[in-house]
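Descriptive structure summary
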Amino acid sequence: MQKSMRLVTLLFLVSISIFITLFFIWQYASKTAAARHGIEAQAISTTEKTEHQISRFITSLVTETDKISALLADNNDRSTLEQILKAKPAFITGLAVLSLNSTNTMATGSYYVEKNGQEVLISLADAAAVADVLPFLEAIKNNPNGYAGPLIDPYTGEKVLVYVRIQKDTKNGPRFIVATQSLNHMQHVLNTLSVGKQGYWFIADARGQIIIHPRTSFTERSTFLYDFAKITGTSAVAHMNASEKGTLIYNNEITHQSSWLIHQKLSATNWILCGVFEQRQAALPNSQQRHYLMIITIGMLISFLLLMFLVAFIVGTVRAHYWILAIMASCACTAAITSLWSIAKKYPSYTNYDEAHSITPIENKVELYQFLDALKSSTNTLGGAFKDTLDDPKLDYYLTYRYKQGRYIPTGTFIHYMHFISDSQVQIVGYVWQRYFDGTHDGIARGFVLPQATADASITEVFHTKIERQETIIWRINATLNQNFSYTRYPFDTREISIQLWHADFGQNIILVPDLDSYPLLTTTSLPGLSANAYIPNWQFTSSYFGYQKYLYNSLFGLYTYGPFGIYDLFNKSETPELHFVATTQRLLTDTLIDDLLPLFLIALLLFVVFLTDIGHGYPVFAAYASIFFGIVVAQLHFRGKIPTNQLVYFEMIYVIMYLALIVTLMFTLLKFQNPDPNSPEAKQGNIAEILYWPALLSSIIVLTVFYLY
């Protein structure tokens, strides 16, 4: 009867553990699938809306040429022509009206084009001007009433899309109306449109050549879709121009992360618009994934152990079977520890970005403008992976260069060296630049402050230029910054290196804004603001981004005025968001596995061998225990020498477990030594302890791992 009750209890426990494990697996899979499906659907919708916006910019060339054609019907007056051209909308790069002679070798007319930020009127009355415009003449002859390009604009040096309309009903022969749209302008529009937190756009022409891409190296040299197919190992990329639209999964050519490549043809030109959306943005937050996977791992371990004991209970066991069960349990625990470590490594904890959000990330221009707008209404809600900014009025709003407001100073960083010099300090070497505009930033001091820096910080101006009304200053910085690092999860700890920036004019309500246009690609995994050669020994960079944080200062810093009735006109710096550049790093495990884990394993193995030593050896066994004790002490001291903090970290707790294991095994050895009879209760307890040594030791490490890394 008692045996039946035990069997039923074991069956019940096995069923419950398997059910709970399957429930968490189902919940994790369903949430992951739902997030993935939702983000993919949003990505497809965003690509369709973006195609509409880019097509709008392209077809605006047709609209403008039609308008000019109607205004210039049978009108050859030069002044009228120039007035019409000067009415060109800002979103069109250039407009020209040309008249060719009968041999198509000479041209007269005018070209009104944006050059170096200003619009200029160019007369095509001389032979030199005609020679310069020959590429456009070829486009006119080969593409009447149609698109051509991209071509190199002879006056701006930029690649442009050209649309030509022939006006035949004129007294002096056919007249050609030419409208151009800069690819740089299209790139700006694409950079402004949101693609989530991990994505970018690129465009290929009808031949499959890349003409717009965040990485200019792909556009400066001839790069085709079949080149991308080779780089990414996805042959289907080479054949995208054969279909109107579609979705591919590939490892993108920049960050090599698994991504959706959603492509759609631009109807007017047969160019291919491609949106790259990293699939990691569809994943659950790191902390949530880590929790789910650790629970599933522990559930699978418990289910396996219970099932193993159930089988052993049914078939019966002898002492040899107990050793087999112990070996199987030890192997299962080892697999569980390996899985837990892999999960902790793959889904680390980032205090600022993933959990507390104490620093609000700014990862694209849409988020920046929404943050600045939110300051006016004292709200700061940016949530969501995609922003619905693709409606025409909103798009025009976000395309406006908003930095030219008095309290905003565009600021950028480029860091090419970092080094951890203590438990709370990091040395950085790099560049910081700022941009100022006449009439907007008059009376504002130039410069910035690193409030985290120690006294030996070096800030040296290396470049200062002024073009038209824009002033750019670049400084080289070499500074040691105070940071707040936590080692509790060592060696699975992460560090978020935060570079805090203040404006030099401390007493004014000035907000530094990230100069996002200086970074062709803003995805966090592409490490904007970090040199490709930036390197920290035993660490790897995982992301970088700009962000804002408000600090609650319990001081007015003396920024107030005192009158007959007390304080007035005070300035509260706590209300001003402060710009941060954040680089996140993750520790490499190679050093820990070789330098720390291997000695611990050898100590545990030696302790087990000594524990199994026959009592006939007598007191020399205790000498062996003493040697192992000092071995643990030396290993711990060596480990402690690498941790520049007094915190009790995760990996050091394994040494505590080894001390406890040493005490327990020593106690059982003493019991066996006091009563050497192999059939005594003390000897039987010792045998049980020998069998449970590895399962108990590994189970303790599992509990410790979940406690620290969950």
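I will try to describe carefully the structure that is included in this document. (Residues numbered from 1 in each chain as written. Predicted model: local features only at pLDDT ≥ 70, side-chain atom pairs only at ≥ 80, totals over all residues. Heavy atoms only, no water.)

Within the structure shown, the criterion is met by 31 aromatic pairs. When the ring of Phe23 is compared with that of Trp26, the centres are 6.1 Å apart and the planes differ by 35°; the resulting orientation is tilted. Remark: Trp26 and Phe23 occur in helix 1 (residues 2-71); sequence separation between them is 3 residues, near one turn of the helix. Residue classification places Trp26 among the exposed residues on the basis of a relative accessible area of 57%. Feature note: the residues Trp341, Tyr490, Phe492, Phe639, Tyr650, Phe651, Tyr655, Phe707 and Tyr708 constitute an aromatic cluster, connected by ring pairs. (Phe/Tyr/Trp six-rings, centres within 6.5 Å; stacked < 30°, edge-to-face > 60°. Helix = DSSP H or I, 4+ residues; strand = E, 2+ residues; numbered from the N terminus. Buried < 20%, exposed > 50% of the residue type's maximum accessible area, 1.4 Å probe, protein only.)

With an omega of 5°, the peptide bond running from Tyr490 to Pro491 counts as cis. In this fold, Pro491 is placed in the loop between strand 17 (470-482) and strand 18 (494-503). In this structure, His256 takes a positive phi of about 60° despite not being glycine. With phi around 70°, Asn538 is a residue other than glycine that occupies positive phi space. Relative to the helices and strands, Asn538 is located in the loop between strand 19 (511-514) and strand 20 (539-549).

Turning to the packing of helix 13 (residues 590-612) against helix 14 (residues 620-640), a few remarks are in order. Their axes nearest at 10 Å, the elements helix 13 and helix 14 cross at an angle of 170°. Comparing their axes, helix 14 and helix 13 come out roughly antiparallel. Each of Asp595, Asp596, Ile603, Leu606, Leu607, Val610 and Phe611 in helix 13 lies in contact with helix 14, whose residues at this interface are Val621, Ala624, Tyr625, Ile628, Gly631, Ile632, Ala635, His638 and Phe639. (Axes fitted to C-alpha atoms, helices over the stretch in contact; angles between N-to-C directions. Parallel < 35°, antiparallel > 145°, perpendicular 65-115°, else oblique. Contact = heavy atoms within 4.5 Å.)

On the basis of which strands lie adjacent, the open sheet formed by 5 strands has the order 16-17-14-13-19 and mixed pairing. Edge positions in the open sheet fall to strand 16 (458-467) and strand 19, since each of these has one partner strand only. For this sheet, the mean inter-axis angle between neighbouring strands, taken without regard to orientation, is 30°. Looking at chain direction, strand 14 (residues 425-437) and strand 17 are connected through 13 bridges and run antiparallel. Residue Phe437 lies in a different strand from strand 17, and its bridge partner there is Gln470. (Pairing = 2+ DSSP bridges.)

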